[in-house]
Amino acid sequence: MENPAQRIERIKSEMGDRLSILGHHYQTDDVIHFTDIQGDSLELARKITNLDAEHIVFCGVFFMAESAAILCRDDQKIHIPDVTASCPMADMAEAGRVRKTLEILQKDGRKIVPLTYVNSSAAVKAVVGEYDGSVCTSANARTMLDWALNQGDAVLFLPDMHLGCNTANLLGIPEDKRLVLPKDVIDGDPALHVDPAAADDKRLILWPGYCPIHEEFTLDSTRAIRETEPEAKIVVHPECSPSVVEASDGNGSTTFLIKYAEEADDGTTIYIGTEENLVNRLAARYEGRKVIRPLLSSQCEDMGKITVEKLADTLENLNYSNPVTVSNAIREPARRALERMLAVCS
Ligand code: 13P
Ligand code: SF4
């Protein structure tokens, strides 16, 4: 009887170039071991458009597989080992509410350009595409927010208020030109919670979503390290709150964090504020040369839903299970939104 690892190796060698397995940096080492391509959200989205494989298996959360299904060719099939692996932050922006919010904000004739973080559903990306907006990732948020600000009178940035604020700080958008929408807009009726008068002199309107995993990093954790280990470096993902980002020595996408660890001198101690699977991988990679520790223990349960067993089952059922699909009505405008990003950041 073969174990899951042997089943995966056998199917990979039987299928050769017809199969490609992609994995986000937050996957466990066990899963990453079987992936052909690893990357952050931007790198993985870019790779999709150049892949020839007939079957693409995406080890990550659902919005990533959906983005792949939007960008792939019609004859390619996208699979995810667990369709319930969602992103709680992406779930904080529902397409109908985003559309209604845009309608309310545009009532007085102002052109509001929506810019959605890639951590959002295909349906949200479709609304954004219809309203001439685009998508960003943590790696290109600055470029894309700058682009969006030049397309209209104001930008609706969603769903991550922290990434939006951190990027606004980089671009020097004054605080009094920003508005964070009330939290009630996440679950409630925008007609009751969005006040167009409060937004009419703003350049940046922020959806009040956040990543529960990165929200756990607080100023207390950075202060404790500064006091006890003043030589240590602290780097964080920009989904952390602006106060944590300001207190750090650097912030950026998962690829930025990996490069920071790689380029640091031997002997450096680095605390990293992001999902723990990635931090532990870096700690093991540089063991004995650099000390790499999590700023706090923080795991993304949904990323963790992808296991070697589920990957083996997915590979065995490629021709029988339902691939990830997006209806044409959503796919077309969502693709426009994603392609605008890929064109601006080519
Ligand atoms: P990156 O695009 O930086 O890999 O981040 C994706 C993500 O989900 C972070 O929580
Ligand atoms: Fe979503 Fe946060 Fe998990 Fe990233 S770490 S997938 S933003 S919940």
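Check the entry above for the structure.
Reading guide: rules and limits
- Residues numbered from 1 in each chain as written.
- Chains lettered and ligands numbered in written order.
- Predicted model: local features only at pLDDT ≥ 70, side-chain atom pairs only at ≥ 80, totals over all residues.
- Heavy atoms only, no water.
- Near = heavy atom within 4 Å.
- Polar contact = N/O pair within 3.5 Å; in protein donor to acceptor, adjacent residues only side chain to side chain.
- Nonpolar A, V, L, I, M, F, W, Y, C, P; charged D, E, K, R; others polar.
- Pairing = 2+ DSSP bridges.
- Helix = DSSP H or I, 4+ residues; strand = E, 2+ residues; numbered from the N terminus.
- Contact = heavy atoms within 4.5 Å.
- Axes fitted to C-alpha atoms, helices over the stretch in contact; angles between N-to-C directions.
- Parallel < 35°, antiparallel > 145°, perpendicular 65-115°, else oblique.
- Left-handed = near helix turned anticlockwise from the far one by under 90°.
- Salt bridge = Lys/Arg side-chain N within 4 Å of Asp/Glu carboxyl O.
- Buried < 20%, exposed > 50% of the residue type's maximum accessible area, 1.4 Å probe, protein only.
- Expected span 1.5 Å × (residues − 1).

Chemist: An account of the site of ligand 1 is needed here, citing residue identities and associated values.
Modeler: Inspection of the region around ligand 1 gives His24, Tyr26, Asp40, Ser41, Asn119, Ser138, His214, His237, Glu239, Ser253 and Thr254 as its neighbouring residues. Within the side chain of Tyr26, one N or O atom sits 3.5 Å away from an oxygen atom of ligand 1. Within the contact set of ligand 1, an oxygen atom lies 2.8 Å away from a side-chain nitrogen or oxygen of Ser41. Across the shell around ligand 1, the residue classes break down as one nonpolar, eight polar and two charged.

Chemist: Please set out the sheet that holds strand β11 (residues 250-251) residue by residue, giving values where relevant.
Modeler: Pairing in this open sheet of four strands is parallel, and the strands run β11-β10-β12-β13 from one edge to the other. In this open sheet, the two edge strands, each paired with only one partner strand, are β11 and β13 (291-294). Summarising the sheet, strand β10 (residues 233-236) and strand β12 (residues 269-273) pair through four bridges and their orientation is parallel. Across the sheet, the residue bridging to Val236 is Gly273, located in β12. Contacts from helix α13 (residues 254-263) reach β10, β11, β12 and β13 within the one sheet, and its direction differs from that of β10 by about 160°.

Chemist: I'd like a description of the packing of α13 against helix α14 (residues 276-285), backed by residues and values.
Modeler: Each packed pair of helices is defined by two parameters, the angle between the axes and the distance between the axes. α14 packs onto α13 with a crossing angle of 20° between their chain directions and a minimal axis gap of 11 Å. Here α14 runs roughly parallel to α13, going by the angle between their axes. The handedness of the crossing between α13 and α14 is right-handed. Judged by residue contacts, Thr254, Leu257, Ile258 and Ala261 of α13 engage Leu278, Leu282 and Arg285 from α14. Residues belonging to the contact of α13 with α14 are distributed by class as follows: five nonpolar, one polar and one charged.

Chemist: Lay out the packing of helix α5 (residues 95-105) against helix α6 (residues 122-130) with the relevant residues and their values.
Modeler: Where α5 meets α6, the closest approach of the two axes is 8 Å, and the angle between their N-to-C directions is 25°. By the angle between their directions, the pair α5 and α6 is classed as roughly parallel. α6 is crossed by α5, and the crossing has right-handed handedness. Here Ala95, Val98, Arg99 and Leu102 of α5 come into contact with α6, specifically with Ala123, Val124, Val127 and Glu130. Split into classes, the residues belonging to the contact of α5 with α6 amount to six nonpolar, no polar and two charged.

Chemist: Which residues make up the side chain of Arg331, and what are the values?
Modeler: Looking at where Arg331 falls in the secondary structure, it is placed in helix α16 (residues 328-344). Separated by 3.1 Å, the side chain of Arg331 and the backbone oxygen of Ala69 make a polar contact. Ignoring any residue separated from it by four or fewer positions in sequence, one finds Arg331 in contact with Ala69, Ile70, Cys72, Arg73, Asp74 and Val326.

Chemist: Account for the pattern of salt bridges, naming residues and giving values.
Modeler: Scanning all chains against the criterion turns up 23 salt bridges. The residue Glu316 makes a salt bridge to Arg10 at a minimum N-O spacing of 3.5 Å. Of the two residues, Glu316 is situated in helix α15 (residues 308-316) and Arg10 in helix α1 (residues 4-15); the sequence distance between them amounts to 306 residues. Take Arg10: its relative accessible area is 29%, and that puts it in the partly exposed class.

Chemist: Can you tell me about α16, naming the residues and giving the values?
Modeler: Taking 1.5 Å of rise per residue, the 17 residues of α16 would be expected to cover 24 Å, and the 24 Å separating its terminal C-alpha atoms lies within 8% of that figure. Of the residues making up α16, those classed as buried are Arg331, Pro333, Ala334, Ala337, Leu338, Met341 and Leu342. Residues of α16 that are buried sit in contact with α3 (41-48), α4 (62-71), α6, β6 (134-136) and α7 (141-149).

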